[in-house]
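Chain residues, written in single-letter form:
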Amino acid sequence: MSVLKVINYGDDVLRQPTEKVHKVSAKIQKLVNDMFDTMYAYNGVGLAAPQVGVLKKIFVLDCSTDDDPMPQMVFINPVIIKKSGAILSREGCLSFPNVFTDVKRYADVTVRYMDMKGKMREMTATEGSLLCRAIQHEYDHTEGILFVDHVVDRFTTDNLLHENQLPPIDANRILSEPDLDNVLMMI
Ligand code: NI
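Model, not experiment: these values are computed from the prediction. (Residues numbered from 1 in each chain as written. Predicted model: local features only at pLDDT ≥ 70, side-chain atom pairs only at ≥ 80, totals over all residues. Heavy atoms only, no water.)

1. Quick look at the coordination of the nickel ion
Note the cut-off: Sites may look incomplete because water is not among the atoms; the donors themselves are N, O and S atoms within 2.8 Å of the metal, or within 3.2 Å for Na, K and Ca. Numbering of helices and strands runs from the N terminus, with a helix taken as a DSSP run of H or I at least four residues long and a strand as a DSSP run of E at least two residues long.
Taken together, the protein donors to the nickel ion comprise Cys 93 (SG), His 137 (NE2) and His 141 (NE2), at separations of 2.1 to 2.2 Å. Along the chain, the residues that donate to the nickel ion are spaced as C-x43-H-x3-H. On the criterion of sequence distance, the pair formed by Cys 93 in strand β4 (residues 87-93) and His 141 in helix α2 (residues 130-141) is long-range, its members being 48 residues apart.

Below, the structure written as structure tokens:
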């Protein structure tokens, strides 16, 4: 059990491609335990392996709130296989201390992944729930994508980044998301 160092925005490791996990070995089990310890130590809802410098397709979540306890969840080799709708989501990230901003997300997603027993599973999260948004945020980390790539207000966010001694948004990384824009325009 140990709390790992969380890598901040600006470090290239957060942009690197990740590898699939072939077997849930003792080493992977230890990594997952350490990721939970780290996530709780930093009061996070989710954490992905690249954020602790491990380039593997793994993320962990605990979307519990005071009135709604949820189990700990581990997603190995996640793939989002269905997505629809759109919402604005106010998000932060443990790799961006003190930065919170609105980003575009799907309202409903289905993720296919492997659990800690090596079994394939699917989970659907709907209505822009915390779980639904967290799955998208953490899945992105396993693809080298960061929440600011979905930014709504680039200039306000750049100011926040600057105030927190983080690099500005990379304009070349901002995602073109016409399917989300079309839905958001109608809300
Ligand atoms: Ni994050």
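2. Quick notes on the pairing of strand β3 (residues 73-84)
Inclusion rule: In this scheme, strands are said to pair when DSSP sees at least two bridges between them.
Note that strand β2 (residues 58-61) and β3 share 4 bridges and pair antiparallel. Residue pairing across strands places Ile 58 opposite Ile 76, the latter belonging to β3.

3. What about the nonpolar core?
Stated formally: Here, nonpolar core means buried Ala, Val, Leu, Ile, Met, Phe, Trp, Tyr and Cys residues that are tied together by side-chain atoms lying within 4.5 Å of each other. Buried means the residue's accessible area, taken with a 1.4 Å probe over protein chains only, is under 20% of the maximum for its type, while exposed means over 50%, and partly exposed covers the values in between. Any two residues whose heavy atoms approach within 4.5 Å are treated as being in contact.
Of all hydrophobic cores here, the largest spans 20 residues; its most connected members are Phe 59, Leu 61, Phe 75, Met 123, Leu 131 and Ile 135. Mapped onto this core, the elements with two or more residues apiece are β2, β3, β6 (108-114), β7 (120-125), α2 and α4 (178-186). Looking at this core, the element that brings in the most residues is α2, giving 5 residues. Leave out the neighbours within four places in its chain, and Ile 135 touches Phe 59, Leu 61, Phe 75, Ile 80, Val 109, Val 111, Met 123 and Ala 125. In terms of nonpolar packing, the next biggest core, distinct from the first, is built from 18 residues, Val 6, Val 24, Phe 36 and Val 52 among them.

4. What to know about the pattern of salt bridges
As a reminder, the rule being used: We define a salt bridge as a side-chain nitrogen of Lys or Arg found within 4 Å of a carboxyl oxygen belonging to Asp or Glu.
Scanning the entire structure with this criterion turns up 12 salt bridges. Ionic pairing is found between Asp 34 and Lys 30, a salt bridge with its closest N-O pair at 2.7 Å. With a gap of 4 residues between them, Asp 34 and Lys 30 both fall in helix α1 (residues 26-41), about one helical turn apart. When its relative accessible area of 5% is taken as the criterion, Asp 34 is described as buried. In this structure, the salt-bridge partner of Arg 90 is Asp 102, at a minimum N-O distance of 3.3 Å. Here Asp 102 lies in strand β5 (residues 96-105) and Arg 90 lies in strand β4, a separation of 12 residues in the sequence. Residue classification places Arg 90 among the exposed residues on the basis of a relative accessible area of 55%.

5. Comments concerning the state of the cysteines
We apply this condition: Disulfides are defined in this document as cysteine sulfur pairs within 2.5 Å.
Per the stated rule, a full pass over the model turns up 0 disulfides. Just so you know, Cys 132 is unpaired, no disulfide at all, and the nearest cysteine sulfur is the one on Cys 63, 10 Å from it.

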